[in-house]
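# Residue-level structural notes
Now for the letters of each chain:
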Amino acid sequence: MIRRGGRRGGVVAAGLLTGALLGLGFPAPARADPEADRIGFRSYFQQRFPDVPAEAWINGMYAIDEGARQQWQEIEDFPPYEFTVEEGQALFQDPFGDGRSYGDCFPDAGRGIRQRYPRFDSETGEVETLEVAINGCRARHGEPALSYDSKEMLALTAWIAYASRGRPMAVEVPDDARALAAYEEGKRFYYTKRGRLDMACVDCHGRYAGAFIRGDHLSASLGHPTHFPVYRLKLGGMVSLHKRFHGCIRDVGAEPFDEQSREFRRLEYFLTYMSNGLEANGPAVRK
Amino acid sequence: MRDVVTSALVLAACLALPVARAADDSRTPAVEGVLEAVESLRAQAVTAGHEWLGTRSLLDEARAAAASGDAARALELAEQARRDCELALEQARREEEAWQGRVLR
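These figures come from a predicted structure and were not determined experimentally.

What follows is about the domain arrangement of chain A. Residues and elements named next belong to chain A. You can read the domains of chain A as domain 1 (19–79 + 174–286) and domain 2 (82–162). Between domain 1 and domain 2, the C-alpha centre-to-centre distance is 22 Å. Facing 24 residues of domain 1, the contacting portion of domain 2 comprises 22 residues. When domain 1 packs against domain 2, close to 2000 Å² is buried across both sides, 60% of that on carbon and sulfur atoms. Looking at the side of domain 1 facing domain 2, the largest losses of area belong to Arg178, Gln260 and Arg265, adding up to 26% of the total buried there.

This is the structure we're talking about:
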């Protein structure tokens, strides 16, 4: 991508300068175009799976596995995340020590907000996920931060997801060089091979989506971020999107990044933008 | 990143000889020098965002072997860790541009 001279020389030079100024460690390859990326991403899955309507991808591998879908629909009759959602609602309404609550930080009493996360925070110049926003709210009201994989954090995000069901994902990448660089870094992460197995996210969840991995189908990346956190039957508990990132990175033999690390927040930013327009439907049940 | 990878490869080349020599040298300073050099290589893999799983534990085991006086075992483990780091850094260098060929469209 980095070329000398030619018509793109100016664009590449600007990318290099932007990268250097932001201290990213590597240059931005060119001006990012998230919407063109999203259209291409959607088009890829539509061509690979012409019989699967785009909106079905919010159900992960159940979009393509009829037998597993029927089992899952049975489970959804009495969803195992139900108590977690109720706990999250209670936590959301509980007053902090200063008498305020999460409702003072989030609009509409927390209903219908999930689809806008992650968002780019122009003040910090960083990607803000829902989990980071929750801890930011707590800090402003004198409360200690919650661990990202704590029961409380998972309950809060589960309830907010539940209270946002049906809203189309609507993540924005503003026309801000820092936001575009963050998006591009997330995109780069998704397509970069790493670890002993030399695999990228796109290998399993793009090129091999629908293929078997042991007894299960690999799910598609399209729709992944719409339904987290999820109740994992395998673990018997709630799991965040970043916990899944963490597990995937380990599985390919790379040292994983921390939950809510800059790397994972930017990966979530890219992935969620790719699912823009699909309905938020968290929390969900997964194997 | 390219500078990091280049310097890592130079360091790796420099390391190869001392590892071989140090195997015959049970003096702790020689082993310690090799371990420090491999740790430096690992740090470069971390900086590049490409550290492989298991490299840290290899180095931890190498340090433990050195501490117990088993220089040969320490150097054997350090050599495994060095190879991991080299491959991880080579992967990072290759991926600087290779990822763009995988973009879904």
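All names here are of chain A. Strands sit in the order β6-β5-β7 across an open sheet of 3 strands; the sheet is mixed. At either end of the open sheet lies a strand with only one pairing partner, and these are β6 (237–239) and β7 (284–286). Each strand of the sheet is rotated relative to its neighbour by a mean of 40°, with strand direction disregarded.

Moving on, we get to the interface of chain B and chain A. Across the contact, 21 residues belong to chain B and 28 residues belong to chain A. Summed over both sides, the interface of chain B with chain A buries roughly 2300 Å², with 53% coming from carbon and sulfur. When the area that chain B buries against chain A is broken down by residue, the three leading residues are B:Leu53, B:Trp99 and B:Leu104, summing to 36%. Counting across the chain B and chain A interface gives 3 salt bridges.

This part covers the packing of aromatic side chains. Each pair of aromatic rings is reported with the distance of its centres and the angle of its planes. Residue and element names in this part refer to chain A. Counted according to the given criterion, the structure contains 21 aromatic pairs over all chains. Over the ring of Phe189 we find Arg194, and its NZ or CZ is 3.9 Å from the ring centre. For Arg286, the ring lying beneath its charged end belongs to Trp72, and the centroid distance is 6.0 Å.

Time to look at unusual backbone geometry. Residue and element names in this part refer to chain A. Following Tyr117, the chain continues into Pro118 via a peptide bond in cis, with omega recorded as 0°. For Pro118, the position within the fold is in the loop between α4 (82–93) and β1 (119–121). With an omega dihedral of -10°, the bond running from Gly282 to Pro283 counts as a cis peptide bond. Counting through the fold element by element, Pro283 comes out in the loop between α10 (262–274) and β7.

Moving on: the confidence of the model for chain A. Taken residue by residue, chain A gives an average pLDDT of 91. The fraction at 70 or more is 90%. Counted against residues more than four places away or in other chains, residues 1–28 of chain A, with its pLDDT under 50, gives 34 contacts.

As a further point, take the packing of helix α7 (residues 177–191) of chain A against α10(A). Residue and element names in this part refer to chain A. At a minimum axis distance of 7 Å, the contact between α7 and α10 shows a crossing angle of 90°. Regarding the angle of α7 to α10, the classification is roughly perpendicular. Contacts from Ala179, Ala181, Ala182, Tyr183, Glu185, Gly186, Lys187, Phe189, Tyr190 and Tyr191 in α7 reach Arg262, Glu263, Phe264, Arg266, Leu267, Tyr269, Phe270, Leu271, Tyr273 and Met274 in α10. A class-by-class count of the residues in the contact of α7 with α10 yields 14 nonpolar, 1 polar and 5 charged.

Reading the values: the criteria
Residues numbered from 1 in each chain as written. Chains lettered and ligands numbered in written order. Predicted model: local features only at pLDDT ≥ 70, side-chain atom pairs only at ≥ 80, totals over all residues. Heavy atoms only, no water. Domains from an automatic or database assignment. Contact = heavy atoms within 4.5 Å. Buried area = accessible area lost by both parts, 1.4 Å probe. Pairing = 2+ DSSP bridges. Helix = DSSP H or I, 4+ residues; strand = E, 2+ residues; numbered from the N terminus. Axes fitted to C-alpha atoms, helices over the stretch in contact; angles between N-to-C directions. Salt bridge = Lys/Arg side-chain N within 4 Å of Asp/Glu carboxyl O. Phe/Tyr/Trp six-rings, centres within 6.5 Å; stacked < 30°, edge-to-face > 60°. Lys NZ or Arg CZ within 6 Å of the ring centre and 35° of its normal. pLDDT = per-residue confidence, 0-100. Parallel < 35°, antiparallel > 145°, perpendicular 65-115°, else oblique. Nonpolar A, V, L, I, M, F, W, Y, C, P; charged D, E, K, R; others polar.

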